[in-house]
Amino acid sequence: MLRVDGLRKSYGPVRALRGVGFSLERGRITALLGENGAGKTTTLRIVLGFLAPDAGTIERAAGRVGYVPDQPAFFPWLRGRAILDLTRRSAGAGREEWEARVRDLSAALRFEAALLGRPPRTYSAGNAKKFAILQSLALEPDLLVADEPFATLDPPSVKRARDLIVAARDRGAAVLLSSHMLAEMTRMSDDFIVLRRGEVAARSGLTEFLERARPASAGEVEAAFLGLLQG
Amino acid sequence: MFEKDVFPLTARLAWLRLRGSRLAVAAAAALPVFLLALGLKESPSAALRVFLLFFPYLFLLASQDMSASEVYGGGLENVLFLDGRFRSYLWQKNLVLAAVGGTYACAVFLGLAAWGLGRGAFEPASVLQLGLGLLAGAYYIAAAGALGFVLRAGSNVVVLLLAQAAALIGLILSTTFRTGFVDHLAAGRFPDLGSRLLFAGLAAVFPNLIVARRLFRGGVVVLAGLVLALLIQRACLRRLELRK
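What you see is a predicted model; the values in this text were computed from it and never measured.

Caption draft 1: Local environment of the overall build of chain A. Looking only at helices and strands, one finds eight helices and nine strands in chain A. Radius of gyration (C-alpha) of chain A: 18 Å, near the 17 Å computed for a compact globule of 231 residues. Here the C-alpha coordinates of chain A stretch approximately 50 × 40 × 30 Å along the principal axes. The proportion of buried residues among the 231 residues of chain A is 42%. For chain A, contacts bridging at least 24 residues in sequence account for 73% of all contacts bridging at least 6.

Right, here's the structure in full:
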C-alpha cells in the first residue's frame, strides 16, 4: 500500500530524518515508535504531503487516505457538520450512505450528534480528537495515518477508538500509527518500526519482537520497548 | 498547482467563509442601501461615481486573512488537503474571491446603470471604469494574498490601507510646495520619467485612483502589479510546507 525509501529532511541545521525507509501492507497495523524528536511526526507529514522531503521517494497505491493529527485544528468558521459535508463531497460519497457511516461512528465513539452543529474549535480536546477520528474513518480509508490518536481521550474512549481502528484494519486498510502509549501499541499493532535520531533503528513483527524480548509481564513489555527506543 | 478536482472544495470553502464573515455580509448588504440613498438625494450618476471609486475595496475586504490565518491556524492539516492539495486550495482561492466580488460588483453596477439609463444619465465610459475597477479588485486580492504569506493574519489588509493613507497624505502635503504632479494627475498626462514613476507607484498602492480618473494607461501598471503579486504568491506556495 505504501513504500517509503530513503527519506531525508532537515530543518535548518537539524537533521530530522536521515534516510528513513519502510513499507506498509494492507490489513496490517504498523506502529511507529520513537522518543520525542526521533522523526515520527516528520515522517507522517511527509507521507501525507504536508512536508516535502529533501530526498527520498514515496510510492502509494491509489485509494482513500484518512489522517488523524496529533492536535486536530479546523477552520474556525465551519461547523462540524459542514466539515463532514465537505469531506463527503471530496470523497464523492452518497449522502445517505455517508450519514449512516457518520451515525454509526458517532455512536461507536460516543460522540454527541449535537456537537456537529457547533464549530470544532469549541469542542474539548477529547471531542476534537474524536471528531478527527470520525472524519477520517467515515472515508473508509485504504490507508489510515494517525499521530497520537489516543492522546487526550479518556480510557473508555481509547478502547472505542482502538476497536474502530482495528476494524478498519480488518476491512483491509493499511494503518500507520504513531503513539507513545506502548500498552495500546502492543495490543493492536502487527508490525513495529522504531525510529531513533531520524533513522530506522529496528523493525519487526509483534511475535518476533516478543520472542526476542521474552517479556514475562506487562511491565517487562514496557521495559523491553523502552530499551529498544533508547538504543 | 491548479488541480481541477480541488476547485469545488475551494469554491465551497471560500463561499462559506465569506458567508460566515459578518463584516463582509454587512458591507455587501449596506452598500446598495447607501447607494440608493445617495442616488435619491443627489443623482444616480453620483451614486455610480461613488460606487466605481469604492467597490474595489470589497475585494480587499474579502481577502482579509486569506492565507496567513489558514496556513498558521492548522486548519489545512486535514484529510481534505492531503498530498499538497492545500497549495491548490490557496492558489484557487484568488480566483473564487475575484469571481464572487466581480459577480457582486457587476450586479450592483447593472442596477445603477439601469437606474441611470432610466433617467437618461448613463455614461457608457463607466463600463470601462467598471473593467478597471474589477482589475483593481483582482489586484487587491492578489496583493493581499501575497502579503499574507509574510505578515500575520489580518495585517495584510491593514498594510495596504496604511500605504494608501501614507500615499494620500504625501500627495496632499506635496501640493503645498510642488503642484506639478497633481496637475499631471488631474490632466491624466505624465510628461517626464519622474512623474511616470510616481504615477506607477501611486497606482500600485491606490489602484482605485485609476478608476476614478479613468486613467486607462494606469490599468497597465495595475495589471503588471497583479501579475507580479500572483508570481510572488505562486513562488511562496511552491515552497509552502505545513509545519508545527
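From this point, things continue past the structure.
Caption draft 2: Main features of the interface of chain B and chain A. Every contact between the two is made by 20 residues of chain B and, on the other side, 22 residues of chain A. It is helix H1 (residues 7-20) of chain B that provides the largest number of residues to the side of chain B that touches chain A, a total of seven residues.

Caption draft 3: Fine view of the sheet that holds strand E4 (residues 55-60) of chain A. All names here are of chain A. Read across the open sheet, the three strands follow the order E2-E1-E4; overall the sheet is antiparallel. In the strand order of this sheet, the two ends are held by strand E2 (14-24) and E4, each with one partner. Ignoring which end each strand starts from, the neighbouring axes of this sheet average 20° apart. Each of strand E1 (2-11), E2 and E4 touches helix H1 (residues 40-47); the most contacted strand, E1, lies at about 120° to it.

Caption draft 4: Quick look at the pairing of strand E6 (residues 143-147) of chain A. Residue and element names in this part refer to chain A. Within E6, five of the five residues are buried, which leaves the element mostly enclosed by the surrounding structure. Relative to E6, strand E5 (residues 65-68) runs parallel, the two sharing four bridges. In the strand pairing of E6, Val68 is matched with Ala146. Pairing geometry for E6 and strand E7 (residues 174-178), over five bridges, is parallel. The residue of E7 that forms the bridge with Asp147 is Ser178. The parallel pair E6 and E7 is bridged by helix H5 (residues 155-170), and the resulting crossover is right-handed.

Caption draft 5: Here's a closer look at the pairing of strand E8 (residues 191-196) of chain A. All names here are of chain A. Burial runs high along E8: five of the six residues are buried. Bridge count for strand E3 (residues 29-34) against E8 is five bridges, and the pairing is parallel. The residue bridging Thr30 from the neighbouring strand is Asp191, located in E8. Across six bridges, E8 lies against strand E9 (residues 199-205) in antiparallel orientation. Looking at E9, one finds that Phe192 is bridged to Ser204. Taken together, E8 and the strand that follows it, E9, pair antiparallel across an intervening segment of two residues, in which Arg197 is found at a positive phi of about 50°.

Caption draft 6: Representation of unusual backbone geometry within the structure. Positive phi is not limited to glycine here, since Arg110(A) has a value of about 55°. Notably, Glu140(A) is not glycine yet its phi reads approximately 50°, a positive angle.

Caption draft 7: Structural view of the nonpolar core. Ranked by size, the top nonpolar core spans 125 residues in total, and within it Val145(A), Val175(A), Leu97(B) and Tyr139(B) carry the most contacts. By residue number, the principal contributor to this core is helix H7 (residues 125-148) of chain B, which donates 14 residues. With sequence-adjacent residues up to four places away left out, Leu97(B) is seen in contact with Ala14(B), Phe59(B), Ala62(B), Ser63(B), Met66(B) and Ile141(B).

Caption draft 8: Inspection of the sheet that holds E7(A) at higher detail. All names here are of chain A. Across the sheet, which stays open at both edges, the six strands sit in the order E5-E6-E7-E3-E8-E9 with mixed pairing between neighbours. Across the chains shown, the open sheet's two edge strands, defined by having one partner strand only, are E5 and E9. With direction set aside, neighbouring strand axes in the sheet form an average angle of 15°. The strands touched by H5 within the sheet are E3, E6 and E7, with E7 carrying the most contacts at an inclination of about 145°.

Calculation criteria
- Residues numbered from 1 in each chain as written.
- Chains lettered and ligands numbered in written order.
- Predicted model: local features only at pLDDT ≥ 70, side-chain atom pairs only at ≥ 80, totals over all residues.
- Helix = DSSP H or I, 4+ residues; strand = E, 2+ residues; numbered from the N terminus.
- Rg over C-alpha atoms; globule rule 2.2 N^0.38 Å.
- Buried ≥ 20, exposed ≤ 12 C-beta atoms within 10 Å, placed from the backbone.
- Contact = placed C-beta atoms within 7 Å.
- Pairing = 2+ DSSP bridges.
- Axes fitted to C-alpha atoms, helices over the stretch in contact; angles between N-to-C directions.
- Right-handed = clockwise from strand over helix to strand, strands pointing away.
- Core = buried A, V, L, I, M, F, W, Y, C linked by C-beta atoms within 7 Å.

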